[in-house]
Amino acid sequence: MSTLQGTLAAGAPAAEAPVRRVGRVTLFRVLWRSFFFQAACNYERMQNVGFAFCILPALTRLYQGEDLKRAMTRHLEFFNSHPYMTDALLGATVRLEEEHAAGRIGEERIQGFKATMMGPMAAIGDSFFWASLKPFAAALAVAGVFSDVPWAPLVFLLLYNMFHLVLRIYGLFAGYRMGERVFEKLYQIDLVQFSDRSHYLAGVCIGVGGALLVEHATRSRAALGQNLESVLLIALVLILFQLLKRKVTMIWLLYGFTLLCLGMILGLNAFFPLIERGE
Amino acid sequence: MNPFYRVDNRLVHGQIIATWMPHLRLQRILIASDTVPNNALQMTMFRMAIPQQLQFEALPIKNAARALAGRVYGNEKVLVLFETVADAVRLFNGGNPFALLNIGNVHHAADRRRFTNAVYLGDADIEALKGLMERGTRIEIRSLPTEPPIDLHQALSEVR
Amino acid sequence: MSFDPLQLSRDALQVTLVGGLLALDRRGAFQLMVSQPLVVIPVLGLMFGQLDTALWMGALVQLLWMASLIVGASVPPNETLASVVIGGTVLLYARHFGTPDVAVQAMAILVGAPVAWVGRWLDIRLERENLSLCARADEAARAGAPFALSRLPAVGLLRTFAAEGSLIALGLVLSILCVAIARPLLGRPEVKAFEVVGIYLLPALGLAVALTTVRRRRALLLSAASFVLVLIGLRYLEVQ
């Protein structure tokens, strides 16, 4: 029966129970809860508890008794997506739940929607926030610290959270307004293109930060002359970069090269005591 | 170049775009599935999530096997994604045997055995994969390119 | 400077509490990125009035773990816990033992880095422990009890805080002991050698890691170009 209603819903809106809206307060409660979306991640079903927890205020407004039990169970299925992008999905799912409560669509439509959206949403969120915006903002702030800007970490937080909070808040309400068609809005924002560009910005920041770092490291210590030291340091960066590309992990390089470094200096010093012991 | 074959029940998601894409220098993503090409919403979402410089298509398994066996993609670096192990085995038997299969994410279900945090395989899956291994295919369990791969053959023999 | 074990443990407790709270931001709550080394260490620095050293350390540690990503079900090393231990060690050393010179900073990083991997192991354990929360959620759904479900994330956060806080405390105590005992034993050649590690090797490694996060070849060229331009510019200014 519910499947039949689901398929008919698009064409025949008349003669059905009116859709009950959850209201703005409930949406704000969902938004607040979404900040704890990953607080109970587990291996088998990943973020399922988080999703059910976030959408619960809407469910308790729409359902009672057996319907509520069913709705809670429905949202405890496997779920895994990007935490910030999930707000748009939560908004859209609240809208779908309203329609379901009014008997217009079946529950498998809600489940199908979530299952379809979680992968691509994670793809957009992971590549935008984790792989692009975070390294870019961090590289910018690191370059800031190296040029003696004490509030650089604040710039990092502001830049990052400007995108983060806007996407969360706007995403939830846009998702609620548009329901299943929320992807159209995402199309317009086009985070994917921005992800691509931010790599160039991050590249510049790392270049600038690197130059400041090399300058700082070679400034006062003119044991070999500043230019020669800079060249050696750049060569070291390139060697380490190549090793990292070849899957040597950072921790091995950290300890391996430290031992090498200590061994070389102390070993040389044992034969040619340039640095004298004692004060 | 040989395509890279991967089983991932979330299909295109963050791991693919943020890690495998640069690692494999991908030029094309091909989803081999009998359901995805007919799901308009899913197709729209994938198009949106995949950067523009990548080609993307989804084909029913039979057509995908024909296309791959006929080498229609020439020198392109292709990632072939399956939703389930069964789909991968069908493509293998459908005239396109491959030498390496990556298992990235197969999530938990009641009757499945845990191999890693992201990969749980049922008995039917394991039997089907054994069939592939007997025909010389190497099967690795690995979610991210930075993780050390786990060889399924070894993992199975260690338990016995 | 007189050594006061009571004051030291009070300070260590303060680092543990603040660090443990900031660490929740990494995955469980908010994710405003206040758990990044670049923010965590300067926050601790503000607490102890050592902002300059803390900024520098924060930036360096940030670079070293720049490539660690949380994508999907994979769990990366926990750079937040490592940075709390590293930053805490340097700051507590400064308060109780003496000037945290480059040798101390380098030693703190070397001693504190493994905490990130222990933290990874801990995070995996926590996600496994959380299976019980998943079971309790199922129960709540069967009983139709929304309050029982609403409590679960708080339980998850408390568990994380307890576990990660203990790791921070343990790591911090071991690390500060290591550094405070080892530093006076070093002679001048050893100090020089650690200075080379701190001034050349660690920044070079950090830069190399940061470069691996740039995923486009042309962006790498851009990076190299801006590097050369800025370096030449700085040298030119110096000559003037």
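Source: prediction; values computed, not measured.

### What to know about the overall build of chain C
When its secondary structure is counted, chain C shows ten helices and zero strands. For chain C, the sequential pattern of α-helices and β-strands runs α-α-α-α-α-α-α-α-α-α. Structurally, chain C occupies a C-alpha span of about 75 × 55 × 25 Å along its principal axes. Taken across its 240 residues, chain C has 61% of its residues classed as buried. Taking the contacts inside chain C whose residues are at least 6 apart along the sequence as the reference set, 76% of them involve residues at least 24 apart. Charge separation in chain C, taken as the distance between the mean sites of 19 positive and 15 negative side-chain charges, equals 7 Å.

### Focus: the overall build of chain B
On a plain count of helices and strands, chain B comes out with six helices and nine strands. Taken over C-alpha atoms, the radius of gyration comes to 15 Å for chain B, in line with the 15 Å a tight globule of 160 residues would show. A principal-axis box enclosing the C-alpha atoms of chain B has dimensions of 45 × 30 × 30 Å. Taking all 160 residues of chain B together, the buried fraction comes to 57%.

### Looking at the interface of chain C and chain A
Accessible area lost on assembly of the parts is the figure often given for the size of an interface. Across the contact, 92 residues belong to chain C and 93 residues belong to chain A. In this assembly, chain C and chain A are joined by two salt bridges. Salt-bridge contacts for Asp138 of chain C lead to Arg45 of chain A; the nearest nitrogen and oxygen are separated by 2.6 Å. For the pair chain C and chain A, the interface holds 17 residue pairs in polar contact (both at pLDDT 80 or more). When residues of the side of chain C that touches chain A are traced back to their parent elements, those giving at least two are α2 (37-47), α3 (51-64), α6 (114-129), α7 (131-143), α8 (146-185), α9 (188-212) and α10 (217-239) of chain C. The greatest single-element share of the side of chain C that touches chain A, amounting to 22 residues, is contributed by α9 of chain C.

### Some details on the pattern of salt bridges
Inspection of the entire model under this criterion finds 23 salt bridges over all chains. In this structure, the salt-bridge partner of Asp8 of chain B is Arg6 of chain B, at a minimum N-O distance of 2.8 Å. Across the pair, Arg6 of chain B and Asp8 of chain B agree in class, each one buried. We note a salt bridge from Arg142 of chain B to Glu140 of chain B, for which the minimum N-O separation is 3.3 Å. When sorted by exposure, Arg142 of chain B lands in the same class as Glu140 of chain B, which is buried. Each of Arg70, Arg74, Glu97 and Glu107 of chain A takes part in one network of salt bridges that share partners.

### Topic: the interface of chain A and chain B
Counting residues at the interface gives 26 residues for chain A and 26 residues for chain B. Between chain A and chain B lies a buried interface of about 2200 Å² when both sides are counted; carbon and sulfur atoms form 70% of it. Connecting chain A to chain B are zero salt bridges. Here chain A and chain B share three residue pairs in polar contact (both at pLDDT 80 or more) between them. Of all elements in the fold, only α6 (107-146), α8 (182-189) and α9 (191-218) of chain A reach the threshold of two or more residues within the side of chain A that touches chain B. Considering each element in turn, the side of chain A that touches chain B owes the most residues, 13 residues, to α6 of chain A. A breakdown of the residues in the side of chain A that touches chain B according to their chemical character gives 15 nonpolar, six polar and five charged.

### Considerations on helix α11 (residues 250-271) of chain A
A rise of 1.5 Å per residue sets the reference length of α11 of chain A, with its 22 residues, at 32 Å; its end C-alpha atoms lie 32 Å apart and thus fit the reference within 8%. Residues of α11 of chain A that are buried include every one of Met250, Ile251, Leu253, Leu254, Phe257, Thr258, Cys261, Leu262 and Asn269 of chain A, and no others. Here the buried residues of α11 of chain A occupy an arc of 165° about the axis, which is enough to place them on one side. Residues of α11 of chain A that are exposed and point more than 90 degrees away from the buried face comprise Trp252, Leu259, Met264, Ala270 and Phe271 of chain A. Those residues of α11 of chain A that are buried are in contact with α10 (226-245) of chain A together with α3, α5 (102-112), α6 and α9 of chain C.

### Overview of α3 of chain C
Residue and element names in this part refer to chain C. Under the 1.5 Å per step criterion, the end-to-end length of α3 is 20 Å for 14 residues, consistent within 8% with the ideal 20 Å. Among the 14 residues that make up α3, eleven are buried, leaving the element largely enclosed by the rest of the structure. Regarding α3, the residues found buried are Thr53, Ala54, Leu55, Met57, Gly58, Ala59, Leu60, Val61, Gln62, Leu63 and Leu64.

### So, unusual backbone geometry
Not every positive phi belongs to a glycine, and Arg25 of chain B is a case in point at roughly 50°. Structurally, Arg25 of chain B is set in the loop between α1 (14-24) and β2 (28-32).

### Some details on the sheet that holds strand β1 (residues 4-8) of chain B
Residues and elements named next belong to chain B. Taking strand neighbours across the sheet as the criterion, the seven strands line up as β3-β2-β4-β1-β5-β8-β9 in an open arrangement whose pairing is mixed. This sheet does not close on itself; its edge strands, each paired only once, are β3 (55-59) and β9 (150-151). Two strands pair when backbone bridges link them, and β1 and strand β5 (residues 100-105) are joined in this way by four bridges, in the parallel orientation. Bridging across to β5, Arg6 finds its partner in Asn102.

### Some details on the state of the cysteines
Evaluated as defined, the whole model comprises zero disulfides over all chains. There is no disulfide at Cys134 of chain C, and the cysteine sulfur nearest it, in Cys41 of chain A, is 11 Å away. Of the residues examined, Cys134 of chain C reaches a relative accessible area of 2% and is grouped as buried.

### Notes on the pairing of strand β8 (residues 138-141) of chain B
Two strands pair when backbone bridges link them, and β5 of chain B and β8 of chain B are joined in this way by four bridges, in the parallel orientation. When the bridges of β8 of chain B are listed, Leu101 of chain B appears paired with Ile139 of chain B.

### Quick notes on the environment of Glu76 of chain B
Residues and elements named next belong to chain B. With respect to the helices and strands, the residue Glu76 is situated in the loop between α3 (61-69) and β4 (78-82). For Glu76, a relative accessible area of 24% translates into the label partly exposed. For Glu76 and Tyr120, which are 44 residues apart along the polypeptide, the C-alpha to C-alpha distance reads 31 Å. Those residues in contact with Glu76 that sit more than four places away from it in its chain are Met1, Gln27, Arg28 and Gln55.

### What about the packing of helix α4 (residues 65-74) of chain A against α7 of chain C?
A pair of packed helices is characterised by two quantities: the angle between their axes and the separation of those axes. In the contact formed by α4 of chain A and α7 of chain C, the axes pass within 7 Å of each other and the chain directions differ by 155°. In terms of their interaxial angle, α4 of chain A and α7 of chain C are classed as roughly antiparallel. For the pair formed by α4 of chain A and α7 of chain C, the contact residues are Lys69, Met72 and Thr73 of chain A on the first element and Ala140, Ala141, Arg142 and Ala143 of chain C on the second. Residue classes in the contact of α4 of chain A with α7 of chain C are distributed as four nonpolar, one polar and two charged.

### Looking at the side chain of His100 of chain A
All names here are of chain A. Following the sequence through the fold, His100 ends up in helix α5 (residues 86-101). Accessibility expressed as a relative area gives 19% for His100, which makes it buried. Here Ile105 takes part through its backbone oxygen, which lies 2.8 Å from a polar atom of the side chain of His100. In this structure His100 touches Tyr63, Arg74, Ile105, Gly106, Glu107 and Ile110, once residues within four positions along its chain are discounted.

So, how was this worked out
- Residues numbered from 1 in each chain as written.
- Chains lettered and ligands numbered in written order.
- Predicted model: local features only at pLDDT ≥ 70, side-chain atom pairs only at ≥ 80, totals over all residues.
- Heavy atoms only, no water.
- Helix = DSSP H or I, 4+ residues; strand = E, 2+ residues; numbered from the N terminus.
- Buried < 20%, exposed > 50% of the residue type's maximum accessible area, 1.4 Å probe, protein only.
- Contact = heavy atoms within 4.5 Å.
- Lys, Arg positive; Asp, Glu negative; His and termini not counted.
- Charge placed at Lys NZ, Arg CZ, Asp CG, Glu CD.
- Rg over C-alpha atoms; globule rule 2.2 N^0.38 Å.
- Salt bridge = Lys/Arg side-chain N within 4 Å of Asp/Glu carboxyl O.
- Polar contact = N/O pair within 3.5 Å; in protein donor to acceptor, adjacent residues only side chain to side chain.
- Buried area = accessible area lost by both parts, 1.4 Å probe.
- Nonpolar A, V, L, I, M, F, W, Y, C, P; charged D, E, K, R; others polar.
- Expected span 1.5 Å × (residues − 1).
- Arc of directions from axis to C-beta.
- Pairing = 2+ DSSP bridges.
- Disulfide = S-S within 2.5 Å.
- Axes fitted to C-alpha atoms, helices over the stretch in contact; angles between N-to-C directions.
- Parallel < 35°, antiparallel > 145°, perpendicular 65-115°, else oblique.

Keep in mind that these numbers describe shape and distance, not what the molecule does.
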